[in-house]
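These are the residues of each chain, in order.
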Amino acid sequence: MAIATDPAKAPETAASPRRLAASYVLEYTYRRSVGPVIGRFLGALRDGRIEGVRTASGKVMVPPSEYDPETSEALSEFVAVGDAGVVTTWAWVSEPRPRQPLAKPFAWALIKLDGADTPLLHAVDAGTIDAMSTGMRVKVRWRAERKGGIGDIECFVPEGGAR
Amino acid sequence: MSEPIRKIEAPVRLEFTVEAGRALTRFLSSIVEERIVGRRCPECTKVYVPARSSCPTCGVPMSEDVTVADTGTLTTFCIVNVPFEGQTMKLPYVYGAIVLDGADLPILHLVQGIPANEVRMGLRVKAEWTPPEERPASLEAIRWFTPSGEPDAPFDAYKEHL
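Residues numbered from 1 in each chain as written. Chains lettered and ligands numbered in written order. Predicted model: local features only at pLDDT ≥ 70, side-chain atom pairs only at ≥ 80, totals over all residues. Heavy atoms only, no water.

Caption draft 1: Broad picture of the sheet that holds strand S3 (residues 50-54) of chain A. Residue and element names in this part refer to chain A. One open sheet holds the three strands; their spatial order is S4-S3-S5, and the pairing between them is antiparallel. Each edge of the open sheet is held by one strand with a lone partner, namely strand S4 (60-61) and strand S5 (78-81). Across the face of the sheet, helix H1 (residues 35-46) comes into contact with S3 and S5 while running at roughly 150° to S3. (Pairing = 2+ DSSP bridges. Helix = DSSP H or I, 4+ residues; strand = E, 2+ residues; numbered from the N terminus. Contact = heavy atoms within 4.5 Å. Axes fitted to C-alpha atoms, helices over the stretch in contact; angles between N-to-C directions.)

Structure follows, in structure tokens:
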């Protein structure tokens, strides 16, 4: 931990001598193994496709799960789904934080892709909060350089491009 | 089918601004002047180094600054033999609890200038200060502690500080 003085932080007065402040970063540089199912999902994203997995009762989960949430059986039947879908719920982020998907205001949304039965959490670049609504159609905006992560989807945008 | 992904980078990163507060600011602004400042509890009379604003045992505010020596006694220590990321010291090295003369609570610091297998409880040590022009406002103002050459402190002299 490095401690540095920052005179701008607290002006010195007789009653309150200047106090020290320092920036401090706590970081864990984790590298996770993702397993065979998410690994295949991410590999497909890199190639510009979205894949889910079919459960015993016929539902398609996107993102896929390694195990059937109803029967606990291992899952392996992958299904390609559409790159557009419906917003099932959302929250507006008026002041994005560093390292969030977009630097301008956006929505976090659960998006049920065409052909999927479970929703995917991602960002929607709608421009303004007024352009957001539950039930709206959105489609993927792919990142140009993809490397096999959820960030390969840059965000979703309103279908028809109304922004 | 695409080539599956095996691993992803998933760092966790938290960025803080740490405010030292009045007592720790006293300590940190003194240490760059080669003085080590603690505070004495008005109830139990223990001297805490680094200075803190209240006594954690008695729960009362502490306001009496006490300058302690840059010499002290090594009470307990560990020998670090395992390399880890970000390590700067050559293995093996010693990290120990040092009760400075005039203080009642130990600080943790490096012990150098003696082979690791000769380090012992009760070893008398002295601070080796960094040059003033490159001295940080932190405990790293002291580069490490080295043997002072005095005879070892008897166990009774530091048993209360373990």
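Caption draft 2: Summary view of the pairing of S5 of chain A. Residue and element names in this part refer to chain A. Alternating positions in S5 separate cleanly, Val-79 and Val-81 being buried on one face and Phe-78 and Ala-80 remaining unburied on the opposite face. Two elements, S3 and S5, share four bridges in a ladder whose sense is antiparallel. Residue pairing for S5: Gly-52 is matched across the bridge by Val-79. (Buried < 20%, exposed > 50% of the residue type's maximum accessible area, 1.4 Å probe, protein only.)

Caption draft 3: Summary view of the side chain of Asp-70 of chain B. Residue and element names in this part refer to chain B. Note on placement: Asp-70 falls in the loop between strand S5 (64-68) and strand S6 (71-80). Looking at Asp-70, its side chain comes within polar contact range of the side chain of Lys-126, at 3.3 Å. If we skip the residues at most four places from it in the chain, Asp-70 touches Ile-36, Leu-100, Val-125, Lys-126, Ala-127, Trp-129 and Phe-145. (Polar contact = N/O pair within 3.5 Å; in protein donor to acceptor, adjacent residues only side chain to side chain.)

Caption draft 4: Just the environment of Asp-156 of chain B, in detail. Residues and elements named next belong to chain B. Mapped onto the secondary structure, Asp-156 falls in helix H2 (residues 155-158). Residue classification places Asp-156 among the exposed positions, given a relative accessible area of 55%. Along the primary structure Asp-156 and Gly-122 are separated by 34 residues, whereas in three dimensions their C-alpha atoms are 9.7 Å apart.

Caption draft 5: The arrangement of the nonpolar core in detail. Ranked by internal contacts, the top residues of the largest apolar core, which has 30 residues, are Ile-36, Val-49, Val-68, Ile-98, Leu-100, Val-111 and Phe-145 of chain B. Of all the secondary-structure elements, those providing two or more residues to this core are helix H1 (21-31), S5, strand S7 (93-100), strand S8 (107-111), strand S9 (124-129) and strand S10 (142-147) of chain B. Setting aside its immediate chain neighbours within four residues, Phe-145 of chain B contacts Asp-70, Ile-98, Leu-100, Ile-107, His-109, Leu-110, Val-111, Gln-112, Val-125, Lys-126 and Ala-127 of chain B. Formed by 25 residues, the second largest nonpolar core is a distinct cluster that contains Phe-41, Val-87, Met-132 and Val-140 of chain A. (Core = buried A, V, L, I, M, F, W, Y, C linked by side-chain atoms within 4.5 Å.)

Caption draft 6: Spatial organisation of the environment of Arg-13 of chain B. Structurally, the position occupied by Arg-13 of chain B is in strand S2 (residues 12-19). Classification of Arg-13 of chain B by relative accessible area gives partly exposed; the value is 34%. In contact with Arg-13 of chain B, not counting residues within four places along its chain, are Val-25, Leu-26, Glu-27 and Arg-99 of chain A. Within the structure, the side chain of Arg-13 of chain B is placed 3.0 Å from the side chain of Glu-27 of chain A, a separation counted as a polar contact. A polar atom in the side chain of Arg-13 of chain B sits 2.9 Å from the side chain of Glu-15 of chain B.

Caption draft 7: Layout of the sheet that holds strand S3 (residues 36-40) of chain B. Residues and elements named next belong to chain B. Strand order in the open sheet made by the three strands is S4-S3-S5, with antiparallel pairing throughout. For this open sheet the edge positions go to strand S4 (47-48) and S5, each flanked by a neighbour on one side alone. Inspection of the sheet shows S3 paired to S5 by five bridges, in the antiparallel sense. Across the sheet, residue Gly-38 finds its bridge partner in S5, namely Val-66. In this fold H1 packs onto S3 and S5, with an angle of close to 155° to the strand it touches most, S3.

Caption draft 8: Examining the confidence of the model for chain A more closely. Taken residue by residue, chain A gives an average pLDDT of 89. The fraction at 70 or more is 87%. Counting interchain partners and residues more than four positions distant, the pLDDT-below-50 stretch residues 1-15 of chain A has 23 contacts. (pLDDT = per-residue confidence, 0-100.)

Caption draft 9: How the structure looks around the interface of chain B and chain A. Taken together, the contact between chain B and chain A spans 28 residues of the former and 34 residues of the latter. A combined buried area of about 2800 Å² lies between chain B and chain A, and 55% of that area is made up of carbon and sulfur atoms. Together, Ile-5, Ile-8 and Arg-13 of chain B form the three largest contributors to the area buried by chain B at its contact with chain A, with a combined 21%. Put simply, chain B and chain A have three salt bridges between them. The tally of links between chain B and chain A comes to 14 residue pairs in polar contact (both at pLDDT 80 or more). Elements with a minimum of two residues in the side of chain B that touches chain A: strand S1 (7-9), S2 and H1 of chain B. In terms of residues, the side of chain B that touches chain A owes the most to one element, S2 of chain B, which gives eight residues. The residue makeup of the side of chain B that touches chain A, split by class, is 13 nonpolar, five polar and 10 charged. Judged from the eight bridges that link them, strand S1 (residues 21-28) of chain A and S2 of chain B form a sheet pairing that is antiparallel. Residue Tyr-24 of chain A lies in a different strand from S2 of chain B, and its bridge partner there is Phe-16 of chain B. (Buried area = accessible area lost by both parts, 1.4 Å probe. Salt bridge = Lys/Arg side-chain N within 4 Å of Asp/Glu carboxyl O. Nonpolar A, V, L, I, M, F, W, Y, C, P; charged D, E, K, R; others polar.)

Caption draft 10: Summary view of the pattern of salt bridges. Inspection of every chain in the model, using the stated rule, returns 25 salt bridges over all chains. Residue Glu-51 of chain A pairs with Arg-49 of chain A through a salt bridge whose shortest N-O separation is 2.7 Å. Arg-137 of chain A is the salt-bridge partner of Asp-114 of chain A, the closest N and O atoms lying 2.8 Å from each other. Of this pair, Asp-114 of chain A sits in the loop between strand S7 (106-113) and strand S8 (120-124) while Arg-137 of chain A sits in strand S9 (residues 137-142), and the two are 23 residues apart along the sequence. The structure contains a network of salt bridges with shared partners spanning Glu-27 and Arg-99 of chain A together with Arg-13 and Glu-15 of chain B.

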